[in-house]
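Observations on chain architecture
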Amino acid sequence: MGKNSEKGTKSPAAAATATTTAADTGTAAPPRRRQARGERRISQLLAAAAGVFCRTGYASASTNAIAREAGVSPGTLYQYFPNKEAIAIELGGQLLQRAHETHGQAFNPENLQRPLPELLDAVLDPVIAFNCENPAFWALMHGTGVPGIAQEHEELHTGLLTRIETVLRDFCPQAAAHEITHTSNMILGIFKSSLDLILAHEGDERAAYTAELKTVLLRYLEPMITTAPPH
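All figures in this text were calculated on a predicted structure; none of them were measured in a lab.

Rules behind the numbers
Residues numbered from 1 in each chain as written. Predicted model: local features only at pLDDT ≥ 70, side-chain atom pairs only at ≥ 80, totals over all residues. Heavy atoms only, no water. Core = buried A, V, L, I, M, F, W, Y, C linked by side-chain atoms within 4.5 Å. Buried < 20%, exposed > 50% of the residue type's maximum accessible area, 1.4 Å probe, protein only. Helix = DSSP H or I, 4+ residues; strand = E, 2+ residues; numbered from the N terminus. Contact = heavy atoms within 4.5 Å. Expected span 1.5 Å × (residues − 1). Polar contact = N/O pair within 3.5 Å; in protein donor to acceptor, adjacent residues only side chain to side chain. Phe/Tyr/Trp six-rings, centres within 6.5 Å; stacked < 30°, edge-to-face > 60°. Lys NZ or Arg CZ within 6 Å of the ring centre and 35° of its normal. Axes fitted to C-alpha atoms, helices over the stretch in contact; angles between N-to-C directions. Parallel < 35°, antiparallel > 145°, perpendicular 65-115°, else oblique. Left-handed = near helix turned anticlockwise from the far one by under 90°. Nonpolar A, V, L, I, M, F, W, Y, C, P; charged D, E, K, R; others polar. Salt bridge = Lys/Arg side-chain N within 4 Å of Asp/Glu carboxyl O.

Some points on the nonpolar core
- Judged by nonpolar contacts, the single largest core of 33 residues is most densely connected at F53, I66, F81, L91, F137 and L140.
- Listing elements by their share of this core, those giving two or more residues are α3 (32-56), α4 (63-70), α5 (74-80), α6 (84-106), α8 (135-143) and α9 (147-171).
- The leading source of residues in this core is α3, at 8 residues.
- Apart from the residues lying within four places of it in its own chain, the contact partners of L91 are L46, A49, A50, F53, A136 and L140.

Some thoughts on the environment of S184
- Its place among the elements puts S184 in helix α10 (residues 177-199).
- Look at S184 and you get buried, because its relative accessible area is 0%.
- Dropping the residues within four chain positions of it, S184 is found in contact with L161, I164, E165 and L168.

Describing the side chain of E165
- The topology assignment puts E165 in helix α9.
- Setting aside chain neighbours within four positions, we find E165 in contact with I180, T181 and S184.

Concerning α6
- For α6, with 23 residues, the first-to-last C-alpha span of 32 Å sits near the 33 Å given by 1.5 Å per residue.
- Two or three places before E85, at the opening of α6, N83 has a side-chain oxygen 3.2 Å from that residue's backbone nitrogen.

Observations regarding the packing of aromatic side chains
- Counted under the stated rule, the structure contains 2 aromatic pairs.
- On the numbers, 5.5 Å between centres and 55° between planes, the contact of F53 with Y58 is tilted. Y58 carries the same exposure label as F53, and that label is buried.
- Ring centres 5.1 Å apart and planes at 70° place the aromatic pair F130 and F137 in the edge-to-face group. The same class applies to F130 and to F137, which are both buried.
- Directly above the ring of Y58 sits K84, whose terminal nitrogen or CZ lies 4.4 Å from the centroid.

Structural notes on the packing of α6 against helix α7 (residues 116-133)
- With their axes 8 Å apart at the nearest point, α6 and α7 run at an angle of 165° to one another. Judged by the angle between their axes, α6 and α7 are roughly antiparallel. The two elements α6 and α7 meet at a crossing, and its hand is right-handed. Every residue of α7 that contacts α6 at L95, R98, A99, T102, H103 and A106 is listed here: A122, V123, P126, V127 and F130.
- Among the residues forming the contact of α6 with α7, the class breakdown is 8 nonpolar, 2 polar and 1 charged.

Topic: the pattern of salt bridges
- Within the structure shown, the criterion is met by 5 salt bridges.
- For E69, the salt bridge is made with R55, and the minimal N-O distance between the two is 2.8 Å. With a gap of 14 residues between them, E69 in helix α4 and R55 in helix α3 connect regions that are remote in the sequence.
- Overall, the relative accessible area of 39% leaves E69 in the partly exposed class.
- Judged by its relative accessible area of 55%, R55 falls in the exposed class.
- With its nearest N and O atoms 3.9 Å apart, the salt bridge here joins E118 to R114.
- Residue classification places R114 among the partly exposed positions, given a relative accessible area of 28%.
- Where salt bridges share partners, they join D121, D125 and K214 into one cluster.

In structure tokens form, the structure reads like this:
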């Protein structure tokens, strides 16, 4: 989740669920069935929001459109989220957590021992798959302007850049620090630009653009590699 969960406080959705169920039951610890119903409703609203954000963009989305997509009344939506920004923060936090997990799996030590062509497959495939399976992630990270999401996305970007720099230092031990930094930024820039094309297509076209991205990175990096994969 996002920073709310890291600080030990409830997310907007969790707080809304707790408030609603506690009010309904008159107890501090609502029944498990009531909690489960609230969690299902939140998941339903977040899935609806993801679809609306992808189709219209965050700026043009509305709580009424999200409620319609979810098949509920606006009043029901407001029981769990006070506004569109709260929905975006909750959804963005969940997707950011999954993105962090995906990056960790992609850059695991076993993958980093592979030759460069295999390394590119091992790292890029799960990251691209995550973005293709969660198009709302791209829409939220690049189109909301919501402070909480923007900050956490910047942290994700910084973490990914650090991972790339670490890999390059292993493969290019003779490279100067500024060269590693420049190359890492270029790799990430190439990836993000290519991801726009990849997400805009499906099927064979998507596969073709993915293959082109790997070819570009391979040809860019091969002349720099001065050592075998680390063991």
